[in-house]
Amino acid sequence: MEYLGMRPVDLLAEELNYELRIRGVVSDRKDAVTKRKILNKLLEKDRNRSNVTHVDPLYDFDNEAEIIEQALDSLKTLIVEFDGTETDSLFKRINSRILYLTNRVHRLKTDGDDSQVVQAFKNESIASILELEVCLSDKVVANSTLGNVNHTAHASSSNEQPMTIQHCVNNYNKSVPVYKWGLKFSGKEGSSLLSIIPRTSRRLPGGKERYQNRII
């Protein structure tokens, strides 16, 4: 049984434990097969309920940020290596983990003293996930198109070389996350993340100006 496309069989050990923990199941058992069966049943119950809210009893932002960054890197590597279509098992595994990570990022708490830092990290993480989703989708389309072209070329005994496609995930640039900047906010009126990012400008050919955000 699948829940919104997330399959327990595709989750890593820590991810599996997290999904169980937020649903009230905490166990030191090493039997991953049993854990996946339990999570499948819990996900089925979730699907039959509305307005389900899950809370991690061990929530800690620094720990969450580190795990999320590691998951983003792991998913990027999988997408770079992916060379198939949406029917492939690797595609389903990547999709499951993207759904898991999306939900985990949305559960980040932004109501504490460090709310601005958390919100900035949350926004950046969501953007990174969306970028990876786009790259995965592009690779599926590209691989399907390439497969059709190669099949047609083979059938017609063409001597043309198969097309090569540069995938956007290869250009994925990872910036230093905001939570690692070592910033502290006083909470005073007018104090915000943007207040420390001066707007600077530079002249471009033709006399036009372009504004850039630059960390001083």
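Notes on the structure follow. Here the residue index of a chain counts from 1 through its sequence in written order. For this predicted model, a pLDDT threshold of at least 70 governs which residues receive local features, and a threshold of 80 or more governs which side-chain atom pairs are given and counted, while totals over whole chains, interfaces and linings are taken from all residues. With hydrogens and water set aside, each side-chain value is computed from the structure's full complement of heavy atoms.

Counting from the N terminus, the helices are DSSP H or I runs at least four residues long and the strands are E runs at least two residues long. From N to C terminus, the protein chain includes 5 helices and 2 strands. When the helices and strands of the protein chain are placed in sequence order, the string is α-α-α-α-α-β-β. Contact between two residues is taken to exist if any of their heavy atoms lie within 4.5 Å; hydrogens are not considered. Here the contacts in the protein chain between residues at least 6 apart in sequence split such that 63% fall between residues at least 24 apart. Where accessible areas are quoted, they stem from the Shrake-Rupley method and a 1.4 Å probe; at the residue level, only the protein chains shown are allowed to cover. Here the protein chain has roughly 13900 Å² of accessible surface; of this, 49% comes from carbon and sulfur atoms.

Inspection of helix H1 (residues 13–21) places Glu15, Leu16, Tyr18, Glu19, Leu20 and Arg21 among the buried residues, and these make up the whole buried set. Buried residues belonging to H1 abut helix H2 (32–47), helix H3 (61–81) and helix H4 (89–106). With a 1.4 Å probe rolled over the protein chains alone, any residue whose accessible area is under 20% of its type maximum counts as buried; one over 50% counts as exposed, and the rest are partly exposed.

Further remarks concern the pattern of salt bridges. Think of a salt bridge as a Lys or Arg side-chain nitrogen and an Asp or Glu carboxyl oxygen that are within 4 Å of each other. Applying the stated criterion across every chain, the model contains 9 salt bridges. The closest approach of N and O atoms between Arg97 and Glu15, which form a salt bridge, is 2.8 Å. Of this pair, Arg97 sits in helix H4 while Glu15 sits in helix H1; the two residues are 82 residues apart in sequence, bridging distant segments of the chain. The exposure classification of Arg97 matches that of Glu15, with both residues buried. For Glu19, the salt bridge is made with Arg23, and the minimal N-O distance between the two is 2.6 Å. According to the relative accessible area criterion, Glu19 is buried, its value standing at 1%. Arg23 gets classed as buried once you look at its relative accessible area, which sits at 14%. Here the salt bridges share partners, and the residues they tie into one network are Glu19, Arg23, Asp46 and Arg49.

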